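What follows is the residue order along each chain.
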Amino acid sequence: MNIKIVYHTDKIDRLKYVDGKSDWIDLRASERVEFKKGEWKLIPLGISMELPAGYEAHVVPRSSTFKNWGLIQTNSMGVIDNSYCATDDMWMVPMLATRDTVVEINDRICQMRIMENQPTIEFVEVDSLPGRSRGGFGSTGKN
């Protein structure tokens, strides 16, 4: 699959898979962003893409993002659909700081993967379901 991409800066590394480690692709900050504890900001990722019809990108924090910067992605997971595809539709990630921190240009701040859109689903209303009850939400306990 080929995907058209525009890089808005030469200061970030080009996208690539992390060799042999994952099928997720790291995304990098394209600007230096300073946060004070409690601040919310968008971190520019320096790219725009034209995703194929029927596909979307899922953007999530890297496992080290909170440890390294004390940042929490405010929408938990960003979904970028294929209609967000113009040159000026630069990807960004919304972050909330739990401490004062600075994200530098080219820091690997989040990751993404390209996914097929969910198929069309028709919901069929029934009076009951045949499965055995597991006891409700959170029923598997702590161990």
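See the structure shown above.
Let me begin by describing the structure that accompanies this report. Note that the coordinates shown come from a computational prediction; the quantities given were computed from them, not determined experimentally.

Thresholds, definitions, all that
- Residues numbered from 1 in each chain as written.
- Predicted model: local features only at pLDDT ≥ 70, side-chain atom pairs only at ≥ 80, totals over all residues.
- Heavy atoms only, no water.
- Helix = DSSP H or I, 4+ residues; strand = E, 2+ residues; numbered from the N terminus.
- Buried < 20%, exposed > 50% of the residue type's maximum accessible area, 1.4 Å probe, protein only.
- Contact = heavy atoms within 4.5 Å.
- Pairing = 2+ DSSP bridges.
- Axes fitted to C-alpha atoms, helices over the stretch in contact; angles between N-to-C directions.
- Phe/Tyr/Trp six-rings, centres within 6.5 Å; stacked < 30°, edge-to-face > 60°.
- Lys NZ or Arg CZ within 6 Å of the ring centre and 35° of its normal.
- Salt bridge = Lys/Arg side-chain N within 4 Å of Asp/Glu carboxyl O.

1. Overview of the side chain of Thr-101
Next, step 1: Here Thr-101 lies in strand 10 (residues 101-103).
Next, step 2: Classification of Thr-101 as buried rests on a relative accessible area of 10%.
Next, step 3: What Thr-101 contacts, discounting residues up to four positions off in sequence, is Val-33, Glu-34, Phe-35, Trp-69 and Leu-71.

2. Describing the pairing of strand 9 (residues 92-97)
Next, step 1: As paired elements, strand 4 (residues 40-44) and strand 9 share five bridges and run antiparallel to each other. Across the sheet, residue Lys-41 finds its bridge partner in strand 9, namely Met-95.
Next, step 2: Where strand 7 (residues 71-73) and strand 9 come together, three bridges link them in antiparallel fashion. Opposite Ile-72, over in strand 9, you have Leu-96 as the bridge partner.

3. Let's talk about the sheet that holds strand 2 (residues 25-28)
Next, step 1: Taken in spatial order, the four strands make up an open sheet running 2-11-6-8, and their pairing is antiparallel. Here the strands that pair on one side only, and so sit at the sheet edges, are strand 2 and strand 8 (78-81). Ignoring which end each strand starts from, the neighbouring axes of this sheet average 35° apart.
Next, step 2: Relative to strand 8, strand 6 (residues 55-61) runs antiparallel, the two sharing four bridges. Within strand 8, the residue paired with Glu-56 across the bridge is Asp-81.

4. Concerning the packing of aromatic side chains
Next, step 1: Taken as a whole and assessed by the stated rule, the structure comprises zero aromatic pairs.
Next, step 2: Between the NZ or CZ atom of Arg-14 and the centre of the ring of Tyr-7, over which it lies, the distance is 3.9 Å.
Next, step 3: For the cation-ring pair, Lys-41 lies above Phe-35, with the distance from its terminal atom to the ring centre recorded as 5.8 Å.

5. Remarks on the sheet that holds strand 4
Next, step 1: Strands sit in the order 4-9-7 across an open sheet of three strands; the sheet is antiparallel. Two strands bound the open sheet, and with one partner strand each, they are strand 4 and strand 7. Recorded for the sheet is a direction-independent mean angle of 40° between the axes of neighbouring strands.

6. Let's talk about unusual backbone geometry
Next, step 1: Here the phi dihedral of Ser-76 falls at roughly 60°; this positive angle occurs in a residue that is not glycine.
Next, step 2: Among the secondary structure elements, Ser-76 is positioned in the loop between strand 7 and strand 8.
Next, step 3: Judged by its relative accessible area of 57%, Ser-76 is exposed.
Next, step 4: Although it is not a glycine, Asn-106 sits at a positive phi angle of roughly 80°.
Next, step 5: Tracing the backbone through its elements, the reader meets Asn-106 in the loop between strand 10 and strand 11 (108-116).

7. Describing the pattern of salt bridges
Next, step 1: The final tally for this structure, using the stated rule, is nine salt bridges.
Next, step 2: Between Arg-113 and Asp-23 there is a salt bridge, with the nearest N and O atoms lying 2.4 Å from each other. With a gap of 90 residues between them, Arg-113 in strand 11 and Asp-23 in the loop between strand 1 (4-7) and strand 2 connect regions that are remote in the sequence.
Next, step 3: According to the relative accessible area criterion, Arg-113 is partly exposed, its value standing at 23%.
Next, step 4: With a closest N to O distance of 2.5 Å, Glu-34 and Arg-32 form a salt bridge.
Next, step 5: Among the residues examined, Glu-34 registers a relative accessible area of 45% and is labelled partly exposed.
Next, step 6: The class for Arg-32 is partly exposed, based on a relative accessible area of 44%.
Next, step 7: Among the ionic contacts, a cluster of salt bridges with common partners joins Asp-26, Arg-62 and Arg-108.

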